[in-house]
Amino acid sequence: MKAMPELERFLLEALRAQDPGEALAGALRGEGPPLSRELRSALAHVDPDGFRIAALLVTKLRFERLLRGSSEAERLFDEDPGGFARLFKRYAHEVSPSAVLPSEEATLFDVWRARTP
Amino acid sequence: MRPLTGFVLPPDLPTLGLLEPLLSIPGYFEVTPETTWRLDDRSRLVENGFHALFREIGRAAARPFVAHGVGLSMGSTSASDVPRVRRWLSRLRRDQTLFRYLWFTDHAGLTMAGGRSLTLPLPVPMTHASVAAMRRRLASMQRIVPDVGVETTAHYFLFGPPLEEPAFYARVVAGARRWLLLDLHNVHTMSVNMGFDSWEYVSRLPLDKVIEIHVSGGVSSDGSWLPSGRSLRLDSHDDDVPDDVWRLLERVLPLCPNLRGVTLERMEGTVDVTTIPRLRRELRRIEKTIQRKAA
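Residues numbered from 1 in each chain as written. Chains lettered and ligands numbered in written order. Predicted model: local features only at pLDDT ≥ 70, side-chain atom pairs only at ≥ 80, totals over all residues. Heavy atoms only, no water.

K.L.:
Outline unusual backbone geometry, supporting the account with residue identities and numerical values.
P.N.:
Residue and element names in this part refer to chain B. Positioned with a positive phi, R100 is a non-glycine residue whose angle comes to about 50°. Here R100 lies in the loop between α3 (82–99) and β6 (104–107). Here the phi dihedral of T119 falls at roughly 70°; this positive angle occurs in a residue that is not glycine. Following the sequence through the fold, T119 ends up in strand β8 (residues 116–122). (Helix = DSSP H or I, 4+ residues; strand = E, 2+ residues; numbered from the N terminus.)

Structural data, given as structure tokens:
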């Protein structure tokens with residue numbers, strides 16, 4: 001991956017973390033990869049609840065993109081919403097969000113399912 | 001010229017079917033360009049079914065289009081995303097010959113991080129570097145559509161005081177034919193969540209730079225979503241326009257001398273037969289408010 005500005009690296013990791021609120025708090029405590037003083041100063045303004053809601057919405061939007069692009073995902077969701085939610089959680093954790101269009105997300109999902117037991 | 005009333009065309013056939021009786025009311029249609037694309041088997045950006053369908057809707061109603069994207073990631077500075085943005089702008093150049101968008105806006109903030117899609121427009125620090133990044137992206141857009149702008153995005157967190165955002169936006173859109181899309185529901189949502197006066201925020205914006213206004217509704221998050229139990233307002237575009245947003249519209253219209261349109265937003269999948277009469281009333285209310293209040 002080409003050099004990623006510090007802010008983008010932080011957002012990509014923290015918003016996809018198991019606990020985004022804790023990822024934010026940890027960064028402010030100086031844990032994890034070192035951050036510049038400028039970014040730590042900016043993060044001090046961040047409302048933890050707003051950050052958590054943003055993380056939820058990031059996941060929700062990816063979920064919706066997948067359902068929009070993949071008839072197979074839609075079928076799985078219709079048959080077993082809870083089971084699909086668990087499957088999606090694994091998928092979202094294991095597969096980096098490189099897709100922007102629904103059809104791209106569908107392709108990523110198909111490839112992942114084909115190689116996942 | 002009096003501003004027109006606009007409506008967003010949703011990339012969803014059932015929703016479009018339900019909305020069909022309303023499509024003669026708006027004076028223009030708003031399209032999110034990337035919802036009309038797909039990747040072919042050679043990974044080229046090509047038209048999907050909505051591309052032709054939206055053009056036909058515009059042709060049949062004799063209405064022009066405006067473009068409002070989500071995916072250009074105005075505030076990104078990562079080199080990883082440059083190839084994708086180039087492909088998108090190339091595709092937009094071809095679309096412009098067909099849609100002839102009157103103006104082209106995208107959301108302030110970033111939706112891509114290091115070439116990875118976060119989809120939700122996220123805030124950037126209100127710094128010179130962020131202003132420069134968004135102005136570079138506006139310059140790229142302006143090579144395709146002469147009138148371009150950024151939307152006042154609904155952020156759920158910020159990197160500085162919210163009442164400093166208006167001055168940040170003013171720096172981003174400084175210059176000829178660079179505009180602001182003032183989303184009043186976004187301002188309202190942030191004011192509720194962050195505890196500031198929405199009119200104080202709006203009045204600090206460069207209102208002579210407002211080319212378009214968005215109005216919509218939303219719901220609140222479930223308290224169980226957060227460990228604190230707190231509920232936040234969401235910019236979900238899935239409910240009636242609230243009274244606070246109508247009041248903001250009435251107050252701001254006389255102060256926007258370059259306004260060209262007020263757009264009603266409603267998310268696909270949130271419309272049923274009972275929604276149609278309410279949407280019709282909202283579109284008519286926008287028309288009447290413009291007649292009474294526009295500069």
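Text resumes after the structure shown.
K.L.:
An account of the sheet that holds strand β11 (residues 210–215) of chain B is requested, with residue identities and associated values reported.
P.N.:
Residue and element names in this part refer to chain B. In spatial order, the strands read β1-β2-β5-β6-β9-β10-β11-β12; together these eight strands close into a barrel with parallel pairing. On average, adjacent strands in this sheet sit at an angle of 25° to one another, irrespective of strand direction. Both strand β9 (residues 148–151) and strand β10 (residues 178–183) contribute to a ladder of four bridges, which runs parallel. The residue of β10 that forms the bridge with E151 is L181. The strands touched by helix α2 (residues 49–61) within the sheet are β2 (28–31) and β5 (65–69), with β2 carrying the most contacts at an inclination of about 170°. Contacts from helix α4 (residues 128–142) reach β6, β9 and β10, with the element oriented near 135° to β9. (Pairing = 2+ DSSP bridges. Axes fitted to C-alpha atoms, helices over the stretch in contact; angles between N-to-C directions. Contact = heavy atoms within 4.5 Å.)

K.L.:
Requested: an account of the packing of helix α6 (residues 184–194) of chain B against helix α8 (residues 243–252) of chain B, with residues and values cited.
P.N.:
All names here are of chain B. Remark: α6 packs on α8, axes separated minimally by 9 Å, with the N-to-C direction vectors making an angle of 120°. By the angle between their axes, α6 is oblique relative to α8. Of the two elements, α6 crosses α8, and the hand of that crossing is right-handed. Between α6, through L184, H185 and H188, and α8, the contact on the second element is made entirely by D244, V245, L248, L249 and V252. (Parallel < 35°, antiparallel > 145°, perpendicular 65-115°, else oblique. Left-handed = near helix turned anticlockwise from the far one by under 90°.)

K.L.:
Account for the pattern of salt bridges, naming residues and giving values.
P.N.:
Residues and elements named next belong to chain A. Within the structure shown, the criterion is met by 26 salt bridges over all chains. Linking D19 and R52 is a salt bridge whose minimum nitrogen-to-oxygen distance equals 3.9 Å. Here the residue D19 occupies a position in the loop between α1 (6–14) and α2 (20–28), and R52 occupies one in helix α4 (residues 48–69), the gap between them amounting to 33 residues. Overlapping salt bridges bring together E72, R75, E79 and R113 as one network. (Salt bridge = Lys/Arg side-chain N within 4 Å of Asp/Glu carboxyl O.)

K.L.:
An account of the side chain of B:S216 is requested, with residue identities and associated values reported.
P.N.:
All names here are of chain B. Position of S216 among the secondary structure elements: in the loop between β11 and α8. The class of S216 is buried, set by a relative accessible area of 0%. Aside from chain neighbours lying at most four places away, what touches S216 is H185, D235, H237, D239, V241, P242, V245 and E265. (Buried < 20%, exposed > 50% of the residue type's maximum accessible area, 1.4 Å probe, protein only.)

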